[in-house]
Amino acid sequence: MTAAGTRARVRAELTREIADVARRHLASAGAAALSLRAVARELGMASSAVYRYFPSRDDLLTALILDAYNALGEAAERAEAAVTRDDLRGRWHAACRAAREWAVAHPHEYALLYGSPVPGYAAPEATIAPGTRVGLLLCRVVADGVARGEVTAIADDSDTTLVPGLGDQLGLPPGVAARALQAWSGIYGAISFELFGQTHNAVIEHARFFGGAVDRLADLVGLP
């Protein structure tokens, strides 16, 4: 391996170690308390060395957010891809179930994505595409149903509540796009209520409860 290759490998390994320690700090102290100096201390590094990898706390937060969004998206996409293409409802359930299972297994990373905003931090545009992977996957399932004539538009004014052109961006026709977005937000609402404790005194079987919600939301978008 060349000297440049060795340097790149070492940099990648240290970047990964810094991110791993930062994720542990998310679990113990929360995103708002994340500190590059504290991460450096745990690694036995000078804080100035860590700044060469992440120039600021916000850069580190952005890296953690991108990693989490992509891990969540990959989990949902992998599960959905394993289902027969003509089983639209099965694909929908698989993607939603995988998203919930990832969130339950990674509650602090999920909280970084969908919990309280971190004071003073504004997510950059680079987080938008990874952050929409699961939602766009669900829209593709619905779009496949539209293409087959199995999902039909409903004549109402719901789509007038959306940003003009959003339906086209989602690959969905009028009468379908708003319902898909409502279902998308409903799925994350159900996950968040479970993860953040709002249903803990009301629901005793969260997996089954979530499955029922996912099924009702599939009805909403008209999946057969």
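About the cut-offs
Residues numbered from 1 in each chain as written. Predicted model: local features only at pLDDT ≥ 70, side-chain atom pairs only at ≥ 80, totals over all residues. Heavy atoms only, no water. Helix = DSSP H or I, 4+ residues; strand = E, 2+ residues; numbered from the N terminus. Buried < 20%, exposed > 50% of the residue type's maximum accessible area, 1.4 Å probe, protein only. Areas by Shrake-Rupley, 256 points an atom, 1.4 Å probe, with all protein chains shown as cover. Lys, Arg positive; Asp, Glu negative; His and termini not counted. Charge placed at Lys NZ, Arg CZ, Asp CG, Glu CD. UniProt positions renumbered as here; feature names shortened; annotations may be inferred. Core = buried A, V, L, I, M, F, W, Y, C linked by side-chain atoms within 4.5 Å. Contact = heavy atoms within 4.5 Å. Expected span 1.5 Å × (residues − 1). Axes fitted to C-alpha atoms, helices over the stretch in contact; angles between N-to-C directions. Parallel < 35°, antiparallel > 145°, perpendicular 65-115°, else oblique. Left-handed = near helix turned anticlockwise from the far one by under 90°. Nonpolar A, V, L, I, M, F, W, Y, C, P; charged D, E, K, R; others polar. Disulfide = S-S within 2.5 Å. Salt bridge = Lys/Arg side-chain N within 4 Å of Asp/Glu carboxyl O.

The protein goes by TetR/AcrR family transcriptional regulator in an unreviewed UniProt entry, where it is assigned to Pseudonocardia humida.

Visitor: Would you take a moment to explain the overall build of the protein for this structure?
Guide: Scanning the protein from N- to C-terminus turns up eleven helices and zero strands. Mapped from its N terminus to its C terminus, the protein presents α and β elements in the order α-α-α-α-α-α-α-α-α-α-α. Judged by the C-alpha coordinates and their principal axes, the protein covers about 60 × 50 × 35 Å. In the protein, which comprises 224 residues, the proportion classed as buried is 40%. Split by element, the accessible area of the protein, about 11600 Å² in all, is 56% carbon and sulfur. Seen as two clouds, the 22 positive and the 25 negative side-chain charges of the protein have centres 8 Å apart.

Visitor: For this particular structure, what's the right way to read the UniProt feature "DNA-binding region" (unreviewed entry) in the protein?
Guide: Under the local residue numbering, the UniProt record ascribes the feature "DNA-binding region" (unreviewed entry) to residues 35–54. Secondary structure across residues 35–54 comprises 65% helix and 0% strand; the distance between its end C-alpha atoms is 11 Å.

Visitor: I keep staring at the UniProt feature "domain: HTH tetR-type" (unreviewed entry) in the protein and nothing clicks. Help me out?
Guide: The UniProt entry lists residues 12–72 under the feature "domain: HTH tetR-type" (unreviewed entry), expressed in the numbering used here. Between the C-alpha atoms that bound residues 12–72 there is a distance of 22 Å. The span itself is 77% helix and 0% strand.

Visitor: What am I meant to see in the nonpolar core here?
Guide: General note: in soluble globular proteins, nonpolar side chains tend to be found buried as a group. Of all hydrophobic cores here, the largest spans 60 residues; its most connected members are L60 and W92. Beyond its immediate chain neighbours, meaning those up to four positions away, W92 contacts L138, V141, V142, A183, I187, V214, L217, A218, V221 and L223.

Visitor: Please clarify how helix α4 (residues 57–81) should be interpreted in this entry.
Guide: Quick reminder: α-helices carry 3.6 residues per turn. Residues three or four places apart thus point the same way. Here α4 spans 36 Å end to end across 25 residues, near enough to the 36 Å set by a 1.5 Å rise per residue. Regarding α4, the residues found buried are L60, L61, T62, L64, I65, A68, Y69, L72, G73, A75, A76 and E80.

Visitor: I tried to follow the packing of helix α5 (residues 88–105) against helix α11 (residues 206–221) on my own but got confused; where do I start?
Guide: The description of two helices packed together rests on the angle between their axes and the distance between the axes. Where α5 contacts α11, the two axes come as close as 10 Å, and the packing angle between them is 140°. For the element pair α5 / α11, the angle class is oblique. Crossing geometry of α5 relative to α11 is assigned as right-handed. Contacts between α5 and α11 involve R89, W92, H93, C96, R97 and R100 from the first element and H206, A207, F210, G211, V214, D215, L217, A218, D219 and V221 from the second. By residue class, the composition of the contact of α5 with α11 is eight nonpolar, three polar and five charged.

Visitor: How should I be thinking about the environment of S192 in this particular structure?
Guide: Its location among the elements puts S192 in helix α10 (residues 177–195). In this structure, the C-alpha to C-alpha distance between S192 and H25, residues 167 residues apart in sequence, is 21 Å.

Visitor: I keep staring at the environment of A94 and nothing clicks. Help me out?
Guide: Along the chain, A94 turns up in helix α5. Remark: the alpha-carbon pair of A94 and A76, spanning 18 residues in sequence, is separated by 7.3 Å.

Visitor: What should I look at first to understand the state of the cysteines in this one?
Guide: Among covalent bonds in proteins, the disulfide is the one between the sulfur atoms of two cysteines. Per the counting criterion, the structure on display carries zero disulfides. With no disulfide of its own, C96 has C139 as its nearest cysteine by sulfur position, at a separation of 11 Å. On the basis of relative accessible area, C96 is assigned to the buried category, the value being 1%. Overall, C139 belongs to the buried group, its relative accessible area being 1%.

Visitor: How do you make sense of the pattern of salt bridges when you look at a structure like this?
Guide: Close approach of charged atoms allows side chains of opposite charge to pair. With the rule as written, the count across this model stands at 14 salt bridges. With a shortest N-O distance of 3.5 Å, D67 and R23 are connected by a salt bridge. Of this pair, D67 sits in helix α4 while R23 sits in helix α1 (residues 3–29), and the two are 44 residues apart along the sequence. The class of R23 is partly exposed, set by a relative accessible area of 22%. A salt bridge links R57 to D58, with the shortest nitrogen-to-oxygen separation between them at 2.8 Å. Here the residues in one salt-bridge network are E80, R85, R91 and D144, joined through shared partners.

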